[in-house]
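Chain and residue survey
Here is how the chains run, residue by residue.
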Amino acid sequence: NDTDLYLLSPTRQLPRRINPFLRLWHPPQQQPTMGKGGRSTVQSASKIVRTTTAKDDGHWVSPYNPLDPNAPALPSKGEIKAVIPKECFSRSYLHSMYFVARDTAMAAACAYAAHATLSTDPPPNVLSLDALAWLAGWNAYAFWMGCVLTGHWVLAHECGHGAFSPSQAFNDFMGFVMHQALLVPYFAWQYTHAKHHRRTNNTVDGESHVPNTREEVGLGKDRDERESAYAVIHEAIGDGPFGMLQVFAHLVIGWPLYLMGLASTGRLGHDGGALEGGEVMDHYRPWSRMFPSKLRPKIAISTLGVVAAWVAIGYAVREYGALPVTLWYIGPLMWNQAWLVLYTWLQHNDPSVPQYGPDEWTWVRGALSTVDRPYGIFDFFHHKIGSTHVAHHLFHEMPFYKADLATAAIKAFLEPKGLYNYDPTPWYLAMWRIAKRCHYIDGVEGIQYYKSLEDVPMRKTGKKVD
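Analysis parameters
Residues numbered from 1 in each chain as written. Predicted model: local features only at pLDDT ≥ 70, side-chain atom pairs only at ≥ 80, totals over all residues. Heavy atoms only, no water. Helix = DSSP H or I, 4+ residues; strand = E, 2+ residues; numbered from the N terminus. Expected span 1.5 Å × (residues − 1). Buried < 20%, exposed > 50% of the residue type's maximum accessible area, 1.4 Å probe, protein only. Contact = heavy atoms within 4.5 Å. pLDDT = per-residue confidence, 0-100. Disulfide = S-S within 2.5 Å. Salt bridge = Lys/Arg side-chain N within 4 Å of Asp/Glu carboxyl O. Phe/Tyr/Trp six-rings, centres within 6.5 Å; stacked < 30°, edge-to-face > 60°. Lys NZ or Arg CZ within 6 Å of the ring centre and 35° of its normal. Core = buried A, V, L, I, M, F, W, Y, C linked by side-chain atoms within 4.5 Å. Patch = residues over 30% accessible without salt bridge, like charges linked within 9 Å, V, L, I, M, F, W, Y side chains within 5 Å. Areas by Shrake-Rupley, 256 points an atom, 1.4 Å probe, with all protein chains shown as cover. Axes fitted to C-alpha atoms, helices over the stretch in contact; angles between N-to-C directions. Parallel < 35°, antiparallel > 145°, perpendicular 65-115°, else oblique. Nonpolar A, V, L, I, M, F, W, Y, C, P; charged D, E, K, R; others polar.

Taking 1.5 Å as the rise per residue, helix α7 (residues 239-251) with 13 residues should run 18 Å; its terminal C-alpha atoms sit 18 Å apart, in good agreement. The complete set of buried residues in α7 reads D239, F242, G243, Q246, V247, A249, H250 and L251. Where α7 is buried, its residues meet α6 (229-237), α8 (254-259), α10 (322-347) and α15 (427-437).

Encoded structure:
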């Protein structure tokens, strides 16, 4: 039962996740955990003492601090819903299909422009201006086609939530087609993403971008001592390169690792039981502990869809060669995957945004930990998924084309109470800040804030150096 976890006592020992990807850098005897910083919880044997360490350093800070004795009382979901115009919950087949047609037309235009101006055959002289123009042209195509395809990804995401149309059968058909074309196992991801919404910013039972604890990043349990894993890597390469590693790990390899169960998943199986040493919860095996047994037929269908897509890719490689397939499909797909990870990473993480242990977590607390951010022109291509994300997490069944109106109503209601998160920082600067400042949390109980390895003393010098 999903609710069983929240009956746990605050003093009961909670499960720690063993991440096989991070274990590459851990001694065999250690069992890492995951986390993020800013404000933190210091744990003792008998109680949790909460201390605030995050400071306003000129960057945006969330107005809601649950550790503040004067923190406002949180409204109920029903109270928030009451301020939103009812029309915001009206779903339309035609309206949604218009956006499918619009995005498909843009993708066709990108493909036509590339076909008319670019060749898949690289220039013979790789050091020539022609080679530079060829490389720039295909990279521009990959970026913009990936940008457009992220619009399709968001529409399939709407289908998974039931926000695309009044018919869930129609939603699943459209979502399956659009997601499987992008190598997303639709039904598997539909289930785990729903859990992400049910358990947002839950340090134990959350899903996707679940924070690492200090032990999981290689710090000592009770002291800032670098022992292994990310803590040692950070010391070896320094602050800036480690921030770049974080961006690479999230945007380039993060999505496939997540689907394979090697990064960013929760700490509990679908039955509420803790994962055992080395256990992996992936999105492909119908018997993965990620899913209840009743979903196995749907998970199998999703996996077969992904296998069929890879068979088609293999056939194209045999017929046309690996380079053309990479240029036309793999390049845009990598940008598409980067965008979808970026949104989830940025919309729920910041040094000033709390993460909640099971003893402190509530659904409203988790949902109101979401952050809206400005994405400029990309809002047009991505259906404002990042700039109206608070409304989306509160009411995922609401169609995206009503989210602007709903966001205005939610903001008017929550902002005077100090409960609406909007960070005006440009998304690329916010990404860099999060990559450098959000590395781990102290533990999985209580109210936690991300901390940074940049603030941990070096082993050799005993002090932090740039």
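The topology assignment puts G254 in helix α8. Each C-alpha atom, one on G254 and one on L342, is 9.8 Å from the other, the two residues being 88 residues apart in sequence.

What follows deals with the confidence of the model for the protein. Per-residue pLDDT for the protein has a mean of 87; in total, 86% of the residues score no lower than 70. Overall, residues 1-56 carries pLDDT values under 50, and its contacts beyond four positions in sequence, including any with other chains, amount to 180 contacts. Across residues 462-466, confidence stays below pLDDT 50; counting only partners more than four residues off in sequence or on other chains, it has 11 contacts.

Here we take up the state of the cysteines. Enumeration over the complete set of coordinates arrives at zero disulfides. There is no disulfide at C110, and the cysteine sulfur nearest it, in C147, is 8.5 Å away. For C110, a relative accessible area of 18% puts it in the buried group. Of the residues examined, C147 reaches a relative accessible area of 0% and is grouped as buried.

Looking now at the side chain of H382. With respect to the helices and strands, H382 occurs in the loop between α12 (378-381) and α13 (389-394). Classification of H382 by relative accessible area gives buried; the value is 0%.

Evaluation of the coordinates by the stated rule reveals 15 salt bridges. Across the pair D205 and R199 runs a salt bridge, and its minimum N-O distance is 3.4 Å. Looking at D205, the relative accessible area reads 3%, which means it is buried. Here K384 makes a salt bridge to D404, at a shortest N to O gap of 2.3 Å. Linking K384 in the loop between α12 and α13 with D404 in helix α14 (residues 403-414), this pair joins segments that are 20 residues apart in sequence.

As a further point, take the packing of aromatic side chains. Two measures describe an aromatic ring pair: the distance that separates the ring centres and the angle between the ring planes. What the rule picks out here adds up to 30 aromatic pairs. Ring centres of W138 and W328 lie 5.0 Å apart, and the angle between their planes is 85 degrees; on these two criteria the pair is classed as edge-to-face. Of this pair, W138 sits in helix α3 (residues 129-161) while W328 is found in helix α10, placing the two residues 190 residues apart along the sequence. Ring centres of W153 and W189 lie 5.1 Å apart, and the angle between their planes is 70 degrees; this geometry places the pair in the edge-to-face category. Of this pair, W153 sits in helix α3 while W189 sits in helix α5 (residues 186-198), and the two are 36 residues apart along the sequence. The pair formed by W153 and W189 is uniform in burial state, with each residue classed as buried. Ring pairs connect the aromatic residues F143, W144, W335, W339, Y343, Y375, F378, F380, F381, W427 and Y428, which therefore count as one cluster. Above the ring of W363, the side-chain terminus of K77 is found at 4.6 Å from the ring centroid. Residue placement shows K81 over the ring face of F89; its charged tip is 4.9 Å from the ring centre.

Looking now at the nonpolar core. Ranked by size, the top nonpolar core spans 50 residues in total, and within it W255 and L346 carry the most contacts. For this core, the elements supplying multiple residues, two or more each, are α2 (93-117), α3, α7, α8, α9 (296-320), α10, α12 and α15. At 11 residues, α10 tops the list of elements feeding residues into this core. I84, L368, A391 and F395 belong to the second-largest nonpolar core, a separate cluster that totals 22 residues.

A grouping of F248, V252 and M334 is seen on the molecular surface, where their side chains present a nonpolar patch of about 250 Å² in accessible area. Along the polypeptide, M334 turns up in helix α10. On the basis of relative accessibility, which here comes to 42%, the residue M334 falls in the partly exposed class.

Running from N to C, α7 and α10 cross one another at 110 degrees; their axes reach a closest spacing of 8 Å. Classified by the angle their axes make, α7 and α10 are roughly perpendicular. Between α7 and α10, the contacting residues are Q246, V247, H250 and L251 on the first element and M334, Q337, A338, V341, L342 and W345 on the second. Split into classes, the residues belonging to the contact of α7 with α10 amount to seven nonpolar, three polar and no charged.

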